[in-house]
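What follows is each chain in one-letter form.
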Amino acid sequence: MTSRLAAIIKNFSLLLTTKLKGWKWVLIVFAVIQIISIILHAPSWLDDVWWHGLKSRLFAGVLALMVWYVTERICTHRQYEELSAKALGSILLIFAVFSFCDIERALARIPNTELTLYSTACFLLSWAVFRRFALLFWGPFLMIETMQAISFHTMGISFSAGVISEIVHASKEEIANFLTFSNTTMLVTLLAAIIIICYISNRCIQKYRSLRLISAGAFLLALFSFSGLGLPYKSRITPRTWMYHDVISFVSNFENGVKRNLRLIKEVSQLPSAADKPSHIPTVSEQDNVVCILHIGESVRSNHLSLNGYYRNTTPWLASRPHLYNFPRCIAAACDTCDAISTILTDATASIAYTETDESAKATVKTVSDLFHANGFYVSYHVGYEHLGFTKSTLTAAFQSTFSQLLYTFTEKADNLQESPGSVMEQAAQVLNVCHKHADKNIFFVINNEGSHGPFNHFDHTKPAFTPYEDNSLYCAGGGEVEHIINAYDNTIVHTDAYIRTIAEGLGDRPFVYIYVSDHGESLGYDSNGHLGRGWITAQPDAASYLRTFHSNDICVVPLFILTSPEFEKLHPHFAKALAQLQANTGLTTGHGHIFHTILGLFNVQTPHYRAEWDLCSDKVQPYSGPRPDSVIAAEKAQTQL
């Protein structure tokens, strides 16, 4: 028995020596990198127990060595060709590159050498079992990982449920914004690289027997298990890392992102119409020909309007209006258009997609335009995105964006729906055309155009107010100059000011009320730790951190103002009283939840859905008291002290 055990140990030592000699250059390079990693992580040993998890590591390493020993003996006995250093080096090199795609661990300074060994071992083992079919997993996986790494290093975002939710509900025009020359080139290069990698992998190991691949994979797993013993516990990767973690995470995030969108669509579409119960508007008669415009802007920050103290003159026309009621502190419900618009148009007082527990904040009816339609108003919707042209009942509805499906829900009782993608002034002409065409009717408009949405190119490029500018930098790898980005962004706000002027002056002496509110703001690089866009917020891991991050930053503070014509104020005694109270309330912090009830209160709409505590035209209104950034809290305190 003793001699038998001694023979096994001798044979094991011989095989191990042969293996180490055959892989000496690979092992030397690995050892040098590993020593550097240990030195880098040495300071953290002071506050970490390095031997924690020692047993599991030793067990995994010993088990892997046993598998290697058994398979190696069989391979040697059957004279299977050894995996060459060239083939092994090629595979290791591939995964040395892709190990940097593990974003979380790269940020934690975890040595990529361990990840390289582990991923290479898993690749060899999967190839041993599935042969070329293993590429059906590894090809898409490497594609996703590389895209995630590029996304993270260029825009600071990873593929969380929120990001996937945004991607799924994005319009065609929004997605097209990302197809810049640099991004398209990068994508094509990426695809070519993945094809080349798969080809090289196939050429490197297709001639080796499955047992030989299992032997090599087991040896790498053993090396991976033992190598981490020299590192602090928190700096070691685990056998659950990368493939397991990231694949499960991506699938889970995709599922949650889609579910989040479906939940929003389901909740809104299942709401009863606000017009299902009797209502009445005593302040307006059929002969008044009044125009009410609810303009939901895109991506406008309140602190970039000169109307609200911004140092640049971005709202020259609006600032000179005598009948303007301005609320500079309006807190957006969410940082994506679909959720924000759903909150504005329904009687919800908080985010519909992300707020599940607060029953008092949930929507009970849709949509405010339905009440006006039921009382004889011509209802016209104008959107700056091109929807897919299908109806809700078709099988193709599953492939429509969230925005498109919500749009059909909101416009069920509308008389008109028009699109003008990319052209703000073209949309102004559409609105005025409807007014001229229905000059003998009361009209309720709902407008949502691209406004200040990225890529910040919706303005008059022949007469830009601020130069130089970059109007596509948000969607380019690495972004652009912050000053140029801000110039382009401010140009879009100047253009929105001109857009509102075009409509207001085009209405002539017709009585109108123009209500403007933006859906959310935008990160412009000078704050938010240098982030651009909103991806860094939607990349938060859960709904709670998403809302907390959004509402702690100034991009949740959006403009809200109401512009009226003198003719409108003279229509009915109620309007003068309501507008006087509106002016008295302009110092309040408001939110998207105020819009629905303020419109009802302004027109004195008689409906059971009205709530005075959310009506800015009421002396009973309560200010927004939910989460908000420090700048708003400071402004509230300063106002109280005056």
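Just so we're clear, the structure is a prediction, and the values are computed from it rather than from any experiment.

A. Structural view of the overall build of the protein chain. Broken down by element type, the protein chain carries 23 helices and 10 strands. Residues counted as buried form 53% of the 642 residues belonging to the protein chain. Surface exposure of the protein chain reaches about 28300 Å², of which carbon and sulfur atoms provide 62%.

B. Here's a closer look at empty space enclosed by the protein. If you walk through the whole model with that rule in mind, you get 8 cavities of 30 Å³ or more. The space that makes up the second largest cavity amounts to roughly 70 Å³. Taken together, Ile296, Ile341, Leu345, Tyr381, His382, Val383, Phe403, Leu407, Phe410, Val446, Ile447 and Asn448 make up the full set of residues lining the second largest cavity. Listed by contribution, the elements that provide at least two residues to the lining of the second largest cavity are helix 13 (337-345), strand 3 (378-383), helix 15 (402-410) and strand 5 (443-448). Residue composition of the lining of the second largest cavity, by class: 10 nonpolar, 2 polar and no charged.

C. Representation of the pairing of strand 1 (residues 291-297) within the structure. Most of strand 1 sits inside the fold, with 7 of its 7 residues counted as buried. Pairing of strand 1 with strand 5 involves 5 bridges; the strand directions are parallel. Residue pairing in the sheet places cysteine 292 in a bridge with phenylalanine 444 of strand 5. Across 7 bridges, strand 1 lies against strand 6 (residues 512-518) in parallel orientation. By the bridge assignment, glycine 297 is partnered in strand 6 with serine 518.

D. Local environment of the confidence of the model for the protein chain. The share of residues in the protein chain with pLDDT of 70 or more is 80%, and the mean pLDDT across the chain is 81. Long-range and interchain partners of residues 394-399, a stretch whose pLDDT sits below 50, account for 6 contacts in this model, where long-range means more than four residues apart.

E. Main features of the side chain of histidine 597. You can see histidine 597 is positioned in helix 22 (residues 593-603). Residue contacts for histidine 597: discarding those within four places in its chain leaves Asp347, His609, Tyr610, Arg611, Trp614 and Asp615.

F. Seen up close, a nonpolar patch on the surface. A grouping of Phe59, Val62, Leu63, Met66 and Val67 is seen on the molecular surface, where their side chains present a nonpolar patch of about 480 Å² in accessible area. Positionally, valine 62 belongs in helix 3 (residues 54-77). You can call valine 62 partly exposed: its relative accessible area is 43%.

G. Representation of the packing of aromatic side chains. Inspection of every chain in the model, using the stated rule, returns 16 aromatic pairs. Measuring from centroid to centroid gives 5.1 Å for phenylalanine 459 and tyrosine 469, while their planes differ by 85°, and the two rings are edge-to-face. Of this pair, phenylalanine 459 sits in the loop between strand 5 and helix 17 (482-506) while tyrosine 469 sits in the loop between strand 5 and helix 17; the two residues are 10 residues apart in sequence, bridging distant segments of the chain. One aromatic cluster is present, built from ring pairs that chain together Phe372, Phe377, Phe444, Phe568, Phe575 and Phe603. The ring of phenylalanine 466 is capped by arginine 312, whose NZ or CZ atom sits 4.3 Å from the centre of that ring.

H. Expanded view of unusual backbone geometry. Omega for the peptide link from threonine 467 to proline 468 comes to -10°, which places this bond in the cis form. Residue placement: proline 468 occurs in the loop between strand 5 and helix 17. In the Ramachandran plot, asparagine 289 falls in the positive-phi region, its phi being about 55° despite a non-glycine side chain. By the secondary structure assignment, asparagine 289 is in the loop between helix 12 (243-269) and strand 1.

I. Geometry of the packing of helix 1 (residues 2-22) against helix 3. At their nearest, the axes of helix 1 and helix 3 sit 11 Å apart, and the two run at 85° to each other. As the angle between them shows, helix 1 and helix 3 are arranged roughly perpendicular. Note on element contacts: helix 3 touches helix 1 through Leu65, Trp68, Tyr69, Glu72, Arg73 and Thr76, opposite Ile8, Asn11, Phe12, Leu15, Leu16 and Lys19. For the contact of helix 1 with helix 3, the per-class residue count stands at 7 nonpolar, 2 polar and 3 charged.

J. Focus on the pattern of salt bridges. One pass over the structure, following the stated rule, counts 9 salt bridges. For arginine 212, the salt bridge is made with glutamate 72, and the minimal N-O distance between the two is 3.0 Å. With arginine 212 in helix 11 (residues 210-227) and glutamate 72 in helix 3, the pair connects residues that are 140 residues apart, well separated along the chain. Pair check on accessibility: arginine 212 and glutamate 72 agree, each one buried. The salt bridge involving lysine 366 is made with glutamate 412; its shortest N-O contact spans 3.4 Å. Residue lysine 366 is located in the loop between helix 13 and helix 14 (368-374), and its partner glutamate 412 is located in the loop between helix 15 and strand 4 (416-419); the two are separated by 46 residues in the primary sequence. The exposure class assigned to glutamate 412 is partly exposed, which follows from its relative accessible area of 45%.

K. Quick look at the sheet that holds strand 10 (residues 590-591). The strand order across the open sheet built from 8 strands is 4-3-5-1-6-9-2-10, with neighbouring strands paired in mixed fashion. Strand pairing shows two members of the sheet lacking a second neighbour, strand 4 and strand 10, which therefore form its edges. Two elements, strand 3 and strand 5, share 6 bridges in a ladder whose sense is parallel. In the strand pairing of strand 5, serine 380 is matched with phenylalanine 445. Contacts from helix 16 (residues 424-437) reach strand 1, strand 3, strand 4 and strand 5, with the element oriented near 170° to strand 5.

L. Representation of the nonpolar core within the structure. Grouped together as the largest cluster of nonpolar side chains are 71 residues, with contacts concentrated most on Leu294, Leu345, Val368, Phe372, Phe444, Ile599 and Phe603. Counting residues per element, this core draws most heavily on helix 22, at 6 residues. Counting 45 residues, the second-largest nonpolar core is a separate cluster that includes Phe30, Phe95, Tyr118 and Tyr208.

M. Focus on the packing of helix 13 against helix 15. Here helix 13 crosses helix 15 at 15°, and the two axes come no closer than 10 Å. Accordingly, the angle class assigned to the pair helix 13 and helix 15 is roughly parallel. You can see that helix 13 and helix 15 cross each other, and the crossing is left-handed. Across from Thr337, Cys338, Ile341, Ser342 and Leu345 in helix 13, the residues of helix 15 making contact are Thr402, Phe403, Leu406 and Phe410. For the contact of helix 13 with helix 15, the class distribution of residues is 6 nonpolar, 3 polar and no charged.

N. Structural detail: helix 16. Between its first and last C-alpha, helix 16 extends 20 Å over 14 residues, near the 20 Å set by a 1.5 Å rise per residue. Along helix 16, the residues classified as buried are Val424, Gln427, Ala428, Gln430, Val431, Leu432, Val434 and Cys435. As for helix 16, its buried residues are in contact with strand 1, strand 3, strand 4, strand 5 and helix 17.

O. The arrangement of the environment of phenylalanine 459 in detail. Judged by its relative accessible area of 8%, phenylalanine 459 falls in the buried class. Spatially, the C-alpha atoms of phenylalanine 459 and threonine 496 are 8.2 Å apart, while their sequence positions differ by 37 residues.

Thresholds, definitions, all that
Residues numbered from 1 in each chain as written. Predicted model: local features only at pLDDT ≥ 70, side-chain atom pairs only at ≥ 80, totals over all residues. Heavy atoms only, no water. Helix = DSSP H or I, 4+ residues; strand = E, 2+ residues; numbered from the N terminus. Buried < 20%, exposed > 50% of the residue type's maximum accessible area, 1.4 Å probe, protein only. Areas by Shrake-Rupley, 256 points an atom, 1.4 Å probe, with all protein chains shown as cover. 1 Å grid on protein atoms, 1.4 Å probe; cavity = no way out; pocket = protein on both sides within 12 Å on 5 of 7 lines; lining within 4 Å. Points joined across faces, edges and corners; volume = space filled by probe spheres on them. Nonpolar A, V, L, I, M, F, W, Y, C, P; charged D, E, K, R; others polar. Pairing = 2+ DSSP bridges. pLDDT = per-residue confidence, 0-100. Contact = heavy atoms within 4.5 Å. Patch = residues over 30% accessible without salt bridge, like charges linked within 9 Å, V, L, I, M, F, W, Y side chains within 5 Å. Salt bridge = Lys/Arg side-chain N within 4 Å of Asp/Glu carboxyl O. Phe/Tyr/Trp six-rings, centres within 6.5 Å; stacked < 30°, edge-to-face > 60°. Lys NZ or Arg CZ within 6 Å of the ring centre and 35° of its normal. Axes fitted to C-alpha atoms, helices over the stretch in contact; angles between N-to-C directions. Parallel < 35°, antiparallel > 145°, perpendicular 65-115°, else oblique. Core = buried A, V, L, I, M, F, W, Y, C linked by side-chain atoms within 4.5 Å. Left-handed = near helix turned anticlockwise from the far one by under 90°. Expected span 1.5 Å × (residues − 1).

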